[in-house]
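So you can see what is in the structure, the chains are spelled out below.
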Number of protein chains: 2
Amino acid sequence: MTVTAPAGFEAAGIAAGIKRSGALDLAVVVNRGPSQAAAAVFTSNRAKANPILWSQQAIADGVVAAVVLNSGGANCFTGTQGFQVTHGTAEAAASALGASAGDVLVCSTGLIGEQLDGEILEEGVLSAVNRLSADGGADAARAIMTTDTKPKTVVVAGDGWSVGGMAKGAGMLAPGLATMLVVLTTDADLPADALDRALRAATRVTFDRLDSDGCMSTNDQVTLLASGASGVAPDEAAFTEAVTAACRDLALQLQGDAEGASHDIAIEVLGAVTEDDAVEVGRSVARNNLFKAAIFGNDPNWGRVLAAIGTTSAPFDPYLVDVTMNGVRVCHAGGPDRPRDEVDLAPRATHVRIELHAGEASATIWTNDLTHDYVHENSAYAS
Amino acid sequence: MTVTAPAGFEAAGIAAGIKRSGALDLAVVVNRGPSQAAAAVFTSNRAKANPILWSQQAIADGVVAAVVLNSGGANCFTGTQGFQVTHGTAEAAASALGASAGDVLVCSTGLIGEQLDGEILEEGVLSAVNRLSADGGADAARAIMTTDTKPKTVVVAGDGWSVGGMAKGAGMLAPGLATMLVVLTTDADLPADALDRALRAATRVTFDRLDSDGCMSTNDQVTLLASGASGVAPDEAAFTEAVTAACRDLALQLQGDAEGASHDIAIEVLGAVTEDDAVEVGRSVARNNLFKAAIFGNDPNWGRVLAAIGTTSAPFDPYLVDVTMNGVRVCHAGGPDRPRDEVDLAPRATHVRIELHAGEASATIWTNDLTHDYVHENSAYAS
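Below: a short report on this structure.

Here is what the cut-offs are and how they apply
Residues numbered from 1 in each chain as written. Chains lettered and ligands numbered in written order. Predicted model: local features only at pLDDT ≥ 70, side-chain atom pairs only at ≥ 80, totals over all residues. Heavy atoms only, no water. Helix = DSSP H or I, 4+ residues; strand = E, 2+ residues; numbered from the N terminus. Rg over C-alpha atoms; globule rule 2.2 N^0.38 Å. Buried < 20%, exposed > 50% of the residue type's maximum accessible area, 1.4 Å probe, protein only. Contact = heavy atoms within 4.5 Å. Areas by Shrake-Rupley, 256 points an atom, 1.4 Å probe, with all protein chains shown as cover. Lys, Arg positive; Asp, Glu negative; His and termini not counted. Charge placed at Lys NZ, Arg CZ, Asp CG, Glu CD. Pairing = 2+ DSSP bridges. Axes fitted to C-alpha atoms, helices over the stretch in contact; angles between N-to-C directions. Least-squares fit on C-alpha atoms with pLDDT ≥ 70 in both. Buried area = accessible area lost by both parts, 1.4 Å probe. Salt bridge = Lys/Arg side-chain N within 4 Å of Asp/Glu carboxyl O. Parallel < 35°, antiparallel > 145°, perpendicular 65-115°, else oblique. Left-handed = near helix turned anticlockwise from the far one by under 90°. Nonpolar A, V, L, I, M, F, W, Y, C, P; charged D, E, K, R; others polar.

**Examining the overall build of chain A**
Within chain A, the secondary structure is distributed over ten helices and 15 strands. Whereas a compact globule of 383 residues would reach a radius of gyration of roughly 21 Å, chain A reaches 21 Å, a difference of no more than 12%. Taken over the C-alpha atoms alone, chain A extends approximately 65 × 50 × 30 Å along its principal axes. For chain A, with 383 residues in total, the buried portion stands at 62%. Excluding contacts between residues fewer than 6 apart, the proportion of contacts in chain A whose partners are at least 24 apart in sequence is 80%. For chain A, the accessible surface area stands at approximately 12,300 Å², while carbon and sulfur atoms represent 48% of it. Across chain A, the centroid of the 24 positively charged side chains sits 4 Å from that of the 46 negatively charged ones.

Below, the structure is given as structure tokens:
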């Protein structure tokens, strides 16, 4: 159980025929209420796919009855014809569910620049709606996979309520979101504005700090649906904490399944003047191809860390910085400290701690290494 | 002949023993005058190597008698001990040449975070000064190579004067300069402030637009030395044009020898509101790993171009953009145009034209693809 763990939700995942392989490719998540409050955040890429353009309008009133998600095609850079396909998808779901099309969000992922077949999608939506069940979460999580090697799901228990979720995305993970589709559900009883605050607070410190390869998708969407079926209206802080825990768990699952990666790297920045500075410093390392290639080669190359952070505008003195890799301080005050060969970078989990000694703020950015498999998958997979 | 092509210059390149391989590793370029006017630009990385910290002080008065360059060690993140090595190098050269140490620039490239042996360097400087000659430019160009596969040199003829140059650098090429060491010489008779204007104008549209892998070095330096030996004081516009031509030629040689690259990509951005916008748009594509991996795979993936430029703040409508790859317009108005398979990406020279239709400004950014060899060289080469 994933998105269907909280009370009030049904889901389905089916093979609609969008993917030629015959794999599951279409999911529907429905909120049976009593409440249909919702919030969503979207890619900050200005080149937004048609489902994003649609869903941004549909979420405006804070009411969502259902989310339709397809893999096998991103419906991005497909013009007015592509927008009509998205619109038709929402209409088909609304009609089958007895809802308004304006209360149906649509998410798409896969190839960009190619048209989706509207008939296949609409037939698929009808078929999925017929198979909705309170056990459908697992199939839904499978149906949104593209190059993911496994489904990503989560459940976080609250006091008489819970948060469930599913995610897809294995490449193009970047700040401001990624080709990352996430649906979170809760049976807590909260209004849309409270959901919006909790979701933005949670994504700011989770998905927005996952920067696998610096590339930002045109199709990212994270949606939070609340059914109110528990009858419990939790404290907003406790609810935000649960949503954040769910998002962090899913973000780390995305990192662990990033295309071609052999290391999951946590870049912890300490001693920054502001949290934004800490994020900028961590992100500059996460986006440095030389650093990422070094980690792939199990090379604790702290010089590349310092060279990367030297490009930022965050206040600090590069010649006061300490760098610790997997517990060994290899750089002290911008110079060599312990020998490189004391560092064991063989494990997939990699921890890089950067102490700026400029202030009290901190942040952690999660990224991956740059590998042969990354190059292979992204030169061979036409997406 | 390279830096020794213009009158008034001598150079040498020797094997000082810094590189264990016994390859050439130390170069000296001397300006015999009558003028010793000079200008230099440096990495904008805030983590600057010791030779940069030294040379920034030494160039302040616009007088340079000699430049000492070594490969085999970057002398970066090596603390006060490292600074003393740079200082000692300048003193040794000054003493041998009868000049002031404050008129000697030092450039270093190679491993960072490791100490250079000051004695080896000082002995090498003396040996190189003893071998200075008006034919020494070719050896000097070889002595500064690291992972370069060939020396990079240029000569541009003016009207009674000329500009010569040499460059090294095969990785970490990025805006604001790279692990790129360049020495330009001229026998034109111009004061330091005119040299400075010409050099900044030239680098702004050449080296600053070369972005091979988005990584900025701690050691970049481009120096222009003027001997005045021709007795000709050229028109400043003509001189700037010649320096720009020399810089562009060297920049394209650097691109052509970038670590592991299999494509030299020119990203031409047209129809921007301002030149800065065009540069930002071009750079966002040049730094997109998914785009770069696609080009490696000979995949004309225009969707990744649009996804990359959608992350910029430049004013344009993504749904008005045209993209042409090697002469085939694959994207028109943000949607599919000619079929992908009409594009031939087999040649190393790759041309991507992006028409924004937002204004009249343009710029070209040069980059390379992301290849298995890039990952291999940068995971195996500990620098």
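What follows continues from the structure just given.
**Examining the sheet that holds strand 5 (residues 104-108) of chain B**
Residues and elements named next belong to chain B. Across the sheet, which stays open at both edges, the four strands sit in the order 1-2-4-5 with mixed pairing between neighbours. Two strands close off the open sheet at either side, each with one partner strand: strand 1 (9-14) and strand 5. Adjacent strand axes in the sheet meet at a mean angle of 10° when their direction is disregarded. As judged from the five bridges shared by strand 2 (residues 26-31) and strand 4 (residues 66-70), these two strands associate in the antiparallel manner. Along strand 4, the bridge assignment pairs Val29 with Val67. With respect to the sheet, helix 3 (residues 118-130) is in contact with strand 1, strand 2 and strand 4, its orientation differing from that of strand 2 by roughly 50°.

**What to know about the relation of the copies chain B and chain A**
Structural alignment of chain B on chain A gives an RMSD of 0.0 Å, achieved by rotating through 180° and translating 0.0 Å along the axis. Read as a symmetry element, the transformation amounts to a two-fold axis. Using C-alpha coordinates, one finds that chain B approaches the rotation axis most closely at B:His372, a distance of 2.7 Å. In this assembly the copies share their binding face: 100% of the residues contributing to the interface of chain B also contribute to that of chain A.

**Some words on the interface of chain B and chain A**
Tallying the contact residues gives 56 residues for chain B and 56 residues for chain A. Both faces considered, chain B and chain A share a buried interface measuring about 4,300 Å² in area, 56% of it formed by carbon and sulfur atoms. When residues of chain B are sorted by the area they lose upon contact with chain A, B:Arg46, B:Phe77 and B:Leu290 head the list and together hold 18% of the total. At the boundary of chain B and chain A, one finds zero salt bridges.

**Section: the environment of A:Arg200**
Residues and elements named next belong to chain A. With respect to the secondary-structure elements, Arg200 resides in helix 5 (residues 192-204). Overall, Arg200 belongs to the partly exposed group, its relative accessible area being 45%. Not counting chain neighbours up to four residues away, the residues in contact with Arg200 comprise Ala40 and Val41.

**Describing the packing of helix 2 (residues 79-97) of chain A against helix 3 (residues 118-130) of chain A**
Residues and elements named next belong to chain A. Between helix 2 and helix 3, whose axes approach to 9 Å, the crossing angle comes to 25°. What the angle tells us is that helix 2 and helix 3 run roughly parallel. Read as a crossing pair, helix 2 and helix 3 show a hand that is right-handed. Of the residues in helix 3, those touching helix 2 at Val85, Gly88, Thr89, Ala92, Ala93, Ala96 and Leu97 are Gly118, Leu121, Glu122, Val125, Leu126 and Val129. Residue composition of the contact of helix 2 with helix 3, by class: nine nonpolar, three polar and one charged.

**Some remarks on the pattern of salt bridges**
Residues and elements named next belong to chain A. With the rule as written, the count across this model stands at 28 salt bridges over all chains. Where Asp196 meets Arg200, a salt bridge forms, and the shortest distance between an N and an O atom there is 3.1 Å. Of this pair, Asp196 and Arg200 both sit in helix 5, four residues apart, roughly one helical turn. Residue Asp196 is classed as partly exposed on the basis of its relative accessible area of 26%. As a salt-bridge pair, Arg340 and Asp299 come within 3.5 Å of each other at their nearest N and O atoms. You can see Arg340 sitting in the loop between strand 13 (335-336) and strand 14 (349-355) and its partner Asp299 sitting in the loop between helix 8 (289-296) and helix 9 (302-309), a full 41 residues away along the chain. Here the salt bridges do not stand alone but share partners, grouping Asp148, Lys152 and Asp257 into one network.

**What to know about unusual backbone geometry**
Cis geometry marks the peptide bond from A:Gly33 to A:Pro34, where omega comes out at 20°. Along the chain, A:Pro34 falls in the loop between strand 2 (26-31) and strand 3 (37-42). Despite not being glycine, B:Asn75 shows a phi value in the positive range, around 50°. Secondary-structure assignment places B:Asn75 in the loop between strand 4 and helix 2 (79-97). You can call B:Asn75 buried: its relative accessible area is 1%. Although it is not a glycine, B:Ala333 sits at a positive phi angle of roughly 55°. Secondary-structure assignment places B:Ala333 in the loop between strand 12 (328-332) and strand 13 (335-336).

**Some points on the sheet that holds strand 3 of chain A**
Strand pairs in the sheet, formed through backbone hydrogen bonds, run parallel or antiparallel to each other. All names here are of chain A. Judged by pairing direction, the sheet is mixed, and its five strands sit side by side in the order 3-9-8-7-6 without closing on themselves. Each edge of the sheet is formed by a strand with only one pairing partner; in this case those strands are strand 3 and strand 6 (152-157). The average angle at which neighbouring strand axes cross in this sheet is 10°, direction not considered. As judged from the six bridges shared by strand 8 (residues 181-186) and strand 9 (residues 221-226), these two strands associate in the parallel manner. Looking across to strand 9, one finds that Thr186 is bridged to Ala226. The strands that helix 5 touches are strand 3, strand 8 and strand 9; relative to strand 3, the one it contacts most, it runs at about 35°. Of the strands in this sheet, strand 6, strand 7 (162-168), strand 8 and strand 9 touch helix 6 (residues 236-256), which is tilted by about 155° from strand 6.

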